[in-house]
Amino acid sequence: MRKIKFYLETGYAGATHTETVEYPDNTEDSEIEEDLEAWKESCISYGWEEE
């Protein structure tokens with residue numbers, strides 16, 4: 001079993017997200033990268049709007 005720690009730092013004190021995810025030994029790194037991207041998007045919200 002591979003234990004992978006995802007982390008996201010925003011540059012602000014205390015604004016760090018971490019999660020440890022377990023994968024089978026034969027999981028491709030590309031699959032982990034895809035999961036990381038999806039996880040990152042679930043942790044942050046961003047955009048812009050005109051006022």
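Residues numbered from 1 in each chain as written. Predicted model: local features only at pLDDT ≥ 70, side-chain atom pairs only at ≥ 80, totals over all residues. Heavy atoms only, no water.

Caption draft 1: Local environment of the overall build of the chain. Across its full length, the chain carries 1 helix and 2 strands. Here the C-alpha radius of gyration of the chain, 14 Å, is well above what a compact globule of 51 residues would show, namely 10 Å. Burial analysis of the chain (51 residues in total) assigns 16% to the buried set. Long-range pairs, those at least 24 residues apart, make up 30% of the contacts in the chain between residues at least 6 apart in sequence. (Helix = DSSP H or I, 4+ residues; strand = E, 2+ residues; numbered from the N terminus. Rg over C-alpha atoms; globule rule 2.2 N^0.38 Å. Buried < 20%, exposed > 50% of the residue type's maximum accessible area, 1.4 Å probe, protein only. Contact = heavy atoms within 4.5 Å.)

Caption draft 2: How the structure looks around the pattern of salt bridges. The full count for this structure, using the stated rule, is 3 salt bridges. Between aspartate 29 and arginine 2 there is a salt bridge, and its shortest N-O distance comes to 3.0 Å. With aspartate 29 in helix H1 (residues 29–43) and arginine 2 in strand S1 (residues 2–9), this residue pair connects regions lying 27 residues apart in the sequence. Note that lysine 40 and glutamate 37 form a salt bridge whose closest N and O atoms lie 3.0 Å from each other. On the criterion of helical spacing, the pair formed by lysine 40 and glutamate 37 is a turn pair, its members being 3 residues apart in helix H1. (Salt bridge = Lys/Arg side-chain N within 4 Å of Asp/Glu carboxyl O.)

Caption draft 3: The arrangement of the side chain of threonine 27 in detail. Checked against the element boundaries, threonine 27 lands in the loop between strand S2 (16–23) and H1. Within the structure, threonine 27 has its side chain in polar contact with the backbone oxygen of proline 24 (distance 2.8 Å). When sequence neighbours within four positions are dropped, the list of residues in contact with threonine 27 reads Arg2 and Ile32. (Polar contact = N/O pair within 3.5 Å; in protein donor to acceptor, adjacent residues only side chain to side chain.)

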